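Structural overview
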Amino acid sequence: MNAGIIVFREGLEAVVIIATLMSSLKSAQERKYRRPMWMGVILALVVTALTWLLAHGILQSLARYGEKLEAVVSVIAIAVLLLIMNWFFHNTYWTGWLANFHATKKRLLSGEAGLLLGLVMLGITSVYREGFEIVLFLQALVLEAGVATVLTGVLVSLAGVCLVGLIIFRLQKSLPYMKILVVTGIMIGTVLLQMVGSTTH
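So, a few notes on the structure that sits alongside this text. (Residues numbered from 1 in each chain as written. Predicted model: local features only at pLDDT ≥ 70, side-chain atom pairs only at ≥ 80, totals over all residues. Heavy atoms only, no water.)

**Quick look at a nonpolar patch on the surface**
Together, Ile42, Val46, Leu50 and Leu53 make up an exposed nonpolar region whose accessible area comes to about 400 Å². By the element assignment, Val46 lies in helix α2 (residues 34-61). (Patch = residues over 30% accessible without salt bridge, like charges linked within 9 Å, V, L, I, M, F, W, Y side chains within 5 Å. Areas by Shrake-Rupley, 256 points an atom, 1.4 Å probe, with all protein chains shown as cover. Salt bridge = Lys/Arg side-chain N within 4 Å of Asp/Glu carboxyl O. Helix = DSSP H or I, 4+ residues; strand = E, 2+ residues; numbered from the N terminus.)

**Concerning the nonpolar core**
Counting 21 residues, the largest nonpolar core has Ile6, Trp52, Leu138, Leu141 and Val150 as the members making the most contacts within it. The set of elements that each furnish at least two residues to this core consists of α1 (2-23), α2, α3 (67-88), α5 (115-145), α6 (147-169) and α7 (177-200). Ranked by residues supplied to this core, first place goes to α5 with 8 residues. Once you skip the residues sitting within four places of it in the chain, Trp52 turns out to touch Val135, Leu138, Gln139, Val142, Val150 and Leu151. Counting residues in hydrophobic clusters, the runner-up holds 15 residues, among them Ala14, Met22, Ala44 and Leu119. (Core = buried A, V, L, I, M, F, W, Y, C linked by side-chain atoms within 4.5 Å. Buried < 20%, exposed > 50% of the residue type's maximum accessible area, 1.4 Å probe, protein only. Contact = heavy atoms within 4.5 Å.)

**Describing the packing of aromatic side chains**
Within the structure shown, the criterion is met by 2 aromatic pairs. A centroid spacing of 5.0 Å and a plane angle of 75° characterise the contact between Trp38 and Phe169, whose relative ring orientation is edge-to-face. Remark: Phe169 occurs in helix α6 and Trp38 occurs in helix α2; sequence separation between them is 131 residues. Judged by centre distance (6.2 Å) and plane angle (55°), the ring pair of Tyr128 and Phe132 falls under tilted. Of this pair, Tyr128 and Phe132 are both found in helix α5, 4 residues apart, which corresponds to roughly one turn of the helix. Judged by relative accessible area, which is 23%, Tyr128 ranks as partly exposed. You can call Phe132 partly exposed: its relative accessible area is 46%. (Phe/Tyr/Trp six-rings, centres within 6.5 Å; stacked < 30°, edge-to-face > 60°.)

**Some words on the packing of α5 against α6**
Between α5 and α6, the shortest axis-to-axis distance is 7 Å and the interhelical angle comes to 135°. Viewed along their axes, α5 and α6 adopt a mutual orientation that is oblique. Where α5 approaches α6, its residues Leu138, Leu141, Val142 and Ala145 are matched on the opposing element by Val147, Thr149, Val150 and Val154. Looking at the contact of α5 with α6 residue by residue, the classes come out as 7 nonpolar, 1 polar and no charged. (Axes fitted to C-alpha atoms, helices over the stretch in contact; angles between N-to-C directions. Parallel < 35°, antiparallel > 145°, perpendicular 65-115°, else oblique. Nonpolar A, V, L, I, M, F, W, Y, C, P; charged D, E, K, R; others polar.)

**Some thoughts on the side chain of Arg34**
Checked against the element boundaries, Arg34 lands in helix α2. One polar contact links the side chain of Arg34 to the main-chain carbonyl oxygen of Met22, over a distance of 3.0 Å. Sequence-distant contacts of Arg34, defined by excluding residues within four places in its chain, comprise Met22, Leu25 and Lys26. (Polar contact = N/O pair within 3.5 Å; in protein donor to acceptor, adjacent residues only side chain to side chain.)

**A short note on the environment of Leu59**
For Leu59, the location among the structural elements is in helix α2. Of the residues examined, Leu59 reaches a relative accessible area of 11% and is grouped as buried. Remark: the alpha-carbon pair of Leu59 and Leu143, spanning 84 residues in sequence, is separated by 8.5 Å.

**Remarks on the side chain of Glu130**
With respect to the secondary-structure elements, Glu130 resides in helix α5. A polar atom in the side chain of Glu130 sits 3.3 Å from the side chain of Arg129.

**Structural notes on the pattern of salt bridges**
Counted under the stated rule, the structure contains 4 salt bridges. Glu13 serves as the salt-bridge partner of Arg9, at 2.7 Å between the closest nitrogen and oxygen. Highlighted residues: Arg9 and Glu13, both in helix α1, separated by 4 residues, approximately one helical turn. Per residue, the accessibility class of Arg9 equals that of Glu13, and both read buried. With a shortest N-O distance of 3.4 Å, Arg129 and Glu133 are connected by a salt bridge.

Here you go:
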């Protein structure tokens, strides 16, 4: 459940960012700019998977430290979770974060930088930050519960994120993003409490 909540929450944030960036690219002339952004999204997913393998490999090589390693990784994950929760509940951060992506997109479309490469990089940065956070949080859970358990939660939540993405991008339906993000933010809070309790123990 913890792994699933984390993946769904961070995945949903990535979907919202991509959706807002692409929503203004509606005309026939502008729709061609979506393709390099999608390429960036796919590359970000690949890099996230590689980051997972790297992080897991490093932790496996340090497995001899047992509970000490689990405690250190959990403390790092808790610190990042607290930072994210702080950002999330400050509307200024959320609007500023999205405004930064939109400003980058506007600058690219105006021809101030290499357009295609810039749009690919915009797609990567929109998704990889969330992917990196997921990798960090899940390593703490892997040390506690094992790879198979965590990956089960990841796969179920990825299906949920893909369903939300399908509704948004294919069916062009508007969803109550902020309400969903608030609910999942509260769920992340419960995960945080559990991690704090487990790390303290």
